[in-house]
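# Examining the three-dimensional arrangement
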Amino acid sequence: MSTALAATALGGTALTAAGCTQGGPGGGEKGGSASKKPTAEEIRAQKVSRAQRQLAQHDPDAAEKTLKGQDGDEVDALRTKISSARDALVEWPNDLQVSHLFFHTLIVDPERAFDGDEDAQGYDDYMCTIDEFTKIMKDVYDDGYVLVSPHDICEKQDDGTMKPLPIRLPKDRKPMVLSQDDVCYYEYMEGDGFATDLHPNAEGRVVNSYTDADGKTSEGSYDMVPLVDDFLEDHPDFSYHGHKGVLALTGYNGILGYRSSKREYGDHPDKLKTAQEKAKKTADALKDTGWEIASHSWGHLDIKKSSLAHLTRDFDRWDAEVKPLTGATDLLILPFGADLSGVPPYDTQDPKYRAVRDHGFDFIFLVDGTAEYWAQMQDGYLRQARMNVDGIRLRANAAGQETSLEPFFDSSSVIDHSRPGL
């Protein structure tokens, strides 16, 4: 699937070099040229464009700040729109009632993914196809959801407590967190119809590499990140203050498609250095354009079954191998959804809980395939449940055996009939 086709699938348009630059939170843009200083008119046009995008992203304060010092009829008209839009925003009534959907790596070529080999069942159970994902994003957008960051829900205070934050949206909109697990393009997936990496292209836009069944490699929108970016080009109001989603990384196979683990690939230092440089460049580009990085542990660890010593070693490996490439993160997405407690709050004297907090993880995410939303704010942490969108959930909902996905989309109209047995 080309970038143009992927964008069309999400209801957007293909991006040109001139139109693909995306800012970080707030939708900033690059302007001017390296050889010519922009004129006052060009600067004004750039600021107006940026403010319009910030306004569309439900951030009138940022838009007003962008326009500071500018004048003219167009600027005055935009300021009037900013004032009206601010008055129309309504505070979301409960920060603990924010839905969270998550996906794994998307299948580009179902024929190769569902080829009957030893990995095919896992792909069917836990992955979605690009066709399914594009329909789902369109449906949740049409249903009024807006992508927010976990950091829009609350923030940690100097005294260690969590303070709820106001999420202000138009009255017909509702917040939702989006995340993707295992954004590492593992070695076992090679040749099975998946993208192989994320990277900034010549224009600075983060795209995928993909090698088709004939061995031809191209770059474009072959997984969640560039597909969401495509959609937001035409639907900026799907993003709250420029935020997009959370990418959960392990470390044992490297990150973002690069074999960046010294422990696993240190026998080839030149290749390792190149992989680490590319991984860091990509991680920086993702963060600059509104994406956030979460730890999924270094070794995809079951925190509940693992010993304290094993857990501590794993977190230390993350700090040694992944953190230097991605920067620090306070987001921990628990592998397998395995958690240290059920509904009751964490036991603050639990040594494994203390290890989680000592490594700086204040936002902790589990899996709950039953509830539209669930969260808990205690003792300086936010714990939030995520709804898994995968083959298991889609099949059960499409067959009428479950209703877990009904608040978000109609599974029977979304499910890809290239799945085995459909």
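Residues numbered from 1 in each chain as written. Predicted model: local features only at pLDDT ≥ 70, side-chain atom pairs only at ≥ 80, totals over all residues. Heavy atoms only, no water.

## Let's talk about the overall build of the chain
Short version of the rule: Elements are defined by DSSP. Helices are runs of H or I of four residues or more, strands are runs of E of two residues or more, and each kind is numbered from the N terminus. Every radius of gyration here is taken over C-alpha atoms, with the globule rule written as 2.2 Å times N^0.38, N being the number of residues. Accessible area is worked out with a 1.4 Å probe on protein chains only. A residue is then buried under 20% of its type maximum, exposed over 50%, and partly exposed in between. A 1.4 Å probe and the Shrake-Rupley method give the accessible areas. Residues count as covered only by the protein chains that appear here. Just so you know, the count uses Lys and Arg for positive and Asp and Glu for negative, and it drops His and the chain ends. Where a charge lies is defined by one atom per residue type: Lys uses NZ, Arg uses CZ, Asp uses CG and Glu uses CD.
The secondary structure content of the chain amounts to 15 helices and 16 strands. Taken over the C-alpha trace, the chain has a radius of gyration of 22 Å; the compact-globule value for 422 residues is 22 Å, and the two agree within 12%. Summarising its shape, the C-alpha atoms of the chain cover approximately 65 × 55 × 50 Å along the three principal directions. Classification of the 422 residues of the chain by burial places 54% in the buried group. Accessible surface computed for the chain: about 18,300 Å², of which carbon and sulfur atoms make up 48%. A distance of 5 Å separates the average location of the 46 positive side-chain charges in the chain from that of its 73 negative side-chain charges.

## Thoughts on the pattern of salt bridges
Using the following cut-off: Note on definitions: salt bridges are taken to be side-chain nitrogens of Lys or Arg within 4 Å of carboxyl oxygens of Asp or Glu.
One pass over the structure, following the stated rule, counts 23 salt bridges. The salt bridge partner of Asp71 is Arg44, with a shortest N-O separation of 3.8 Å. Taken together, the residues span a long stretch of sequence, with Asp71 in the loop between α3 (60-66) and α4 (73-88) and Arg44 in helix α2 (residues 40-56) at a distance of 27 residues. Across the pair Asp181 and Arg386 runs a salt bridge whose closest N-O atoms are separated by 2.8 Å. With Asp181 in the loop between β7 (174-180) and β8 (197-200) and Arg386 in strand β16 (residues 381-388), this residue pair connects regions lying 205 residues apart in the sequence. With a relative accessible area of 3%, Asp181 lands in the buried category. Using a relative accessible area of 0% as the deciding quantity, one classes Arg386 as buried. Here the residues in one salt-bridge network are Asp124, Glu132, Arg395 and Arg419, joined through shared partners.

## Structural notes on the packing of aromatic side chains
Under the convention used in this document: Stacked, edge-to-face and tilted are the three classes for Phe, Tyr and Trp ring pairs, Trp counted by its six-membered ring, which pair at centre distances within 6.5 Å; planes under 30 degrees apart are stacked, over 60 edge-to-face, the rest tilted. Counting as a charge over the ring demands two things of the Lys NZ or Arg CZ atom: a distance within 6 Å of the ring centre and an angle within 35 degrees of the ring normal.
As enumerated under the stated definition, the model contains 15 aromatic pairs in all. Among the aromatic residues, those joined into a cluster by ring pairs are Tyr123, Tyr186, Tyr188, Phe194, Tyr252 and Trp298. We note Arg317 situated over the ring of Trp298; from NZ or CZ to the ring centre the distance is 5.3 Å. The lysine or arginine in question, Arg383, covers the ring of Tyr346, its NZ or CZ lying 4.5 Å from the ring centre.

## A closer look at the packing of helix α11 (residues 308-321) against helix α13 (residues 351-358)
When two helices pack together, their arrangement is given by the angle between their axes and by how far apart the axes lie. Filter applied, for reference: Here an angle of 0 to 180 degrees is reported between the N-to-C directions of two axes, which are lines fitted to C-alpha atoms, with helices fitted over the stretch in contact. An angle counts as roughly parallel when it lies under 35 degrees, as roughly antiparallel when it exceeds 145, as roughly perpendicular when it falls between 65 and 115, and as oblique in every other case. Here, two residues are considered to be in contact whenever any of their heavy atoms come within 4.5 Å of each other. Note on residue classes: Ala, Val, Leu, Ile, Met, Phe, Trp, Tyr, Cys and Pro are nonpolar, Asp, Glu, Lys and Arg are charged, and everything else, Gly too, is polar.
At a minimum axis separation of 10 Å, α11 and α13 run at an interaxial angle of 10 degrees. Judged on the interaxial angle alone, α13 and α11 are roughly parallel. On α13, the residues touching Leu308, Leu311, Thr312 and Phe315 of α11 are Pro351, Lys352, Ala355 and Val356. Classifying every residue of the contact of α11 with α13 by side-chain character gives six nonpolar, one polar and one charged.

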